[in-house]
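Coordinate analysis (summary)
Below are the chains, spelled out letter by letter.
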Amino acid sequence: MKVTNHGMKDRKLHQEGCPQKEVAEQPGYVEASAHARIAEHNDIIASLPADSLLKQILSRDNLNGAYKKVKSNRGTGGVDRMSVDELLPYLREHRLDLLQQIRNGKYKPQPVRRVEIPKEEKGKFRKLGIPTVVDRMIQQAITQVLVPIYEPQFSDSSFGFRPKRGAHDALKQCQAYADEGYVYVVDMDLEKFFDNVCQSKLIEVLSRSVKDGRVISLIHQYLHAGVIRHGMFERSEQGVPQGGPLSPLLSNIMLNELDKELERRGHKFVRYADDCMILCKSRRSAERTLESITRYIEKKLFLKVNRNKTHVAHIRYVKYLGYGFYRKNGKCRLRVHPKSITKMKDRLRFILKRSNGKGNEVRALLLKRFIKGWVNYFKLANMKELLIQIDRWIRRKIRTIYWKQWKKVRTKHRMISQYGAPKWVVLEMANCRKGPWRAAAMLNSVLTNKEIARLGYITMTSYYKQVCEN
């Protein structure tokens, strides 16, 4: 067996204008070309027969599992408007033709339907591509087979879209590094990552592990399927459509190249999808790392670094995955970042709108779901005092809603009377001419905290005490 070994030396004499060896990086890896030998026994190559992957993907058990996953995720239809409920009848009628087309390499995925989701920044949108339900099932089947192949190759510092890993694990890793003294952060932002992925580079990386050419061809077809936007077809010659089951895995495969380069250089880093933080012990080291790793990303991976959002900062000034960091008693602690608090309040305002047309019971249910989801995500943060303030604000909003619903004086008189308040209190409150927000403050003695809880509203503080992990 022939093994390529040119004896290439990555170390070069330092020239003027070239970065010197950095303290944060291991010797020999600054500006390294990452030359790797290619051999059949290379550990990045899957030990599978060349034609076995497609057989696994199209096996009955794998396709049944993919169908169940798509069915449980629900979601809207693609360009053909076929719903998830219509998928099973379609498969019963066209299953054999569909499998034969895939085996023969003649299957053509349909274009994805473009959906634009507003970002936090005004005027900016996140572009999602919604595949048809048939394509979603096939992508899910591919993903289920490729994940066990690639999981052993992925870095321990990668946490996004991986089984038994999540944002909380990434944040705990950040805390651990900060406690070791790595407090200066290269906060890396990849500009429109999913839209700017170089497809030829991705296919090259895939081909190192996936030796079944039909699987590579099928994935390539999905990358080139195109987009339907405002009824017009657009070619997709670069990027990975964000929205299908396959795109998270492809993003991790692409960015695993960055992970391996950072590990070779000896960096401490945490990556969740395309959100990457590189941690250093000094600002100077972080600035050098930013300069060198930016060149690697742009010249080797053909991705774009957003220089307006990529910066070096102390960890206490960084927002990562919605959290902020601070130090107390010599330990790195987590808090809810102010931008996340603002976003949370905006969502609560929307849920607690009186004119949502859904009624009090639905409002209580929506609020309960939001509180549980939000608190479960931010349960690592120290936020007891914050939640006490938010709960007071929520209860006052609820009292305002009921005050507006009662409208007329006689309605207010009747509703307040049922709570057993003295007659003079009922008359005084019912005839109040203050605005709804000020009037709501008087209802504390009527719509007490216990009464609001009886109406189905839960508090953030009580749920936080059940799930908090700090």
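Our subject is the structure that appears above.
Keep in mind that this is a model prediction, so the values were computed, not measured.

Moving on, we come to the overall build of the protein. The number of helices and strands found in the protein is 18 helices and ten strands. Looking at the protein as a whole, 44% of its 470 residues are labelled buried. The contacts of the protein with a sequence gap of at least 6 include a subset with a gap of at least 24, amounting to 73%.

Applying the stated criterion across every chain yields a total of three cavities of 30 Å³ or more. By volume, the largest cavity amounts to about 130 Å³. V112, Q139, Y222, L223 and P241 are the residues nearest the centre of the largest cavity, which is lined by 17 residues in total. Elements that contribute at least two residues to the lining of the largest cavity include exactly α4 (133–150), α8 (213–223) and α9 (247–264). A class-by-class count of the residues in the lining of the largest cavity yields ten nonpolar, six polar and one charged. The space that makes up the second largest cavity amounts to roughly 80 Å³. Lining the second largest cavity are eleven residues, with Y150, Q153, V205, E257 and K260 sitting closest to its centre.

The next thing to look at is the pairing of strand β10 (residues 331–336). Looking down a regular strand, the side chains alternate between one sheet face and the other. In β10, alternate side chains face the same way, and those of C332, L334 and V336 are buried while those of K331, R333 and R335 on the opposite face are not. As defined by bridge partners, strand β9 (residues 323–328) adjoins β10 across six bridges and the pair is classed as antiparallel. For Y323, the partnering residue across the bridge sits in β10 and is V336. Counting the residues in the hairpin turn of β9 and β10 gives two residues, including N329, whose phi is positive at 55 degrees.

One open sheet holds the four strands; their spatial order is β2-β1-β4-β5, and the pairing between them is mixed. Looking at which strands have only one partner, the edges of the open sheet turn out to be β2 (125–130) and β5 (232–234). Strand-to-strand twist in this sheet, taken as the mean axis angle between neighbours without regard to direction, amounts to 40 degrees. Strand direction decides the pairing type here: strand β1 (residues 112–118) and β2, joined by six bridges, are antiparallel. Each residue of the ladder has a partner; that of R114, found in β2, is G129.

Turning to the pattern of salt bridges, a few remarks are in order. Applying the stated rule across the entire model yields 21 salt bridges. Between R295 and E291 there is a salt bridge whose closest N-O contact spans 3.3 Å. Separated by four residues within a single helix, R295 and E291 lie in helix α10 (residues 283–300), roughly one turn from each other. When its relative accessible area of 23% is taken as the criterion, R295 is described as partly exposed. Ionic contacts of the salt-bridge type, sharing partners, join the residues K201, E204, R208, E257 and K260 into one network.

So, about the environment of L206. Relative to the helices and strands, L206 resides in helix α7 (residues 199–209). Residues contacting L206, with those up to four places away along its chain left out, are Y150, I216, I219, L250 and I253.

This brings us to the environment of N308. Take N308: it is sitting in the loop between α10 and β8 (311–314). On the basis of relative accessible area, N308 is assigned to the exposed category, the value being 79%. Each C-alpha atom of the pair N308 and E191 lies 9.7 Å from the other, and the pair is 117 residues apart in sequence.

Here we take up the packing of aromatic side chains. In total, this model carries eight aromatic pairs according to the counting rule given. Aromatic pair F161 and Y272: ring centres 6.3 Å apart, planes at 40 degrees, arrangement tilted. Pair noted here: F161 is in the loop between α4 and α5 (167–179) and Y272 is in strand β6 (residues 268–272), with a separation of 111 residues, a long-range link. What makes Y272 partly exposed here is its relative accessible area of 23%. Residues Y177 and Y182 carry aromatic rings whose centres are separated by 6.4 Å and whose planes lie at 70 degrees to one another, so their mutual orientation is edge-to-face. Each of the two residues, Y177 as well as Y182, counts as buried. Positioned over the ring face of Y182 is K281, at 5.0 Å from the centre of the ring.

What follows covers the side chain of R265. Relative to the helices and strands, R265 is located in the loop between α9 and β6. At 2.9 Å, the side chain of R265 and the side chain of E261 are in polar contact.

Parameters and conventions
Residues numbered from 1 in each chain as written. Predicted model: local features only at pLDDT ≥ 70, side-chain atom pairs only at ≥ 80, totals over all residues. Heavy atoms only, no water. Helix = DSSP H or I, 4+ residues; strand = E, 2+ residues; numbered from the N terminus. Buried < 20%, exposed > 50% of the residue type's maximum accessible area, 1.4 Å probe, protein only. Contact = heavy atoms within 4.5 Å. 1 Å grid on protein atoms, 1.4 Å probe; cavity = no way out; pocket = protein on both sides within 12 Å on 5 of 7 lines; lining within 4 Å. Points joined across faces, edges and corners; volume = space filled by probe spheres on them. Nonpolar A, V, L, I, M, F, W, Y, C, P; charged D, E, K, R; others polar. Pairing = 2+ DSSP bridges. Axes fitted to C-alpha atoms, helices over the stretch in contact; angles between N-to-C directions. Salt bridge = Lys/Arg side-chain N within 4 Å of Asp/Glu carboxyl O. Phe/Tyr/Trp six-rings, centres within 6.5 Å; stacked < 30°, edge-to-face > 60°. Lys NZ or Arg CZ within 6 Å of the ring centre and 35° of its normal. Polar contact = N/O pair within 3.5 Å; in protein donor to acceptor, adjacent residues only side chain to side chain.

Geometric values such as these leave the question of function open.
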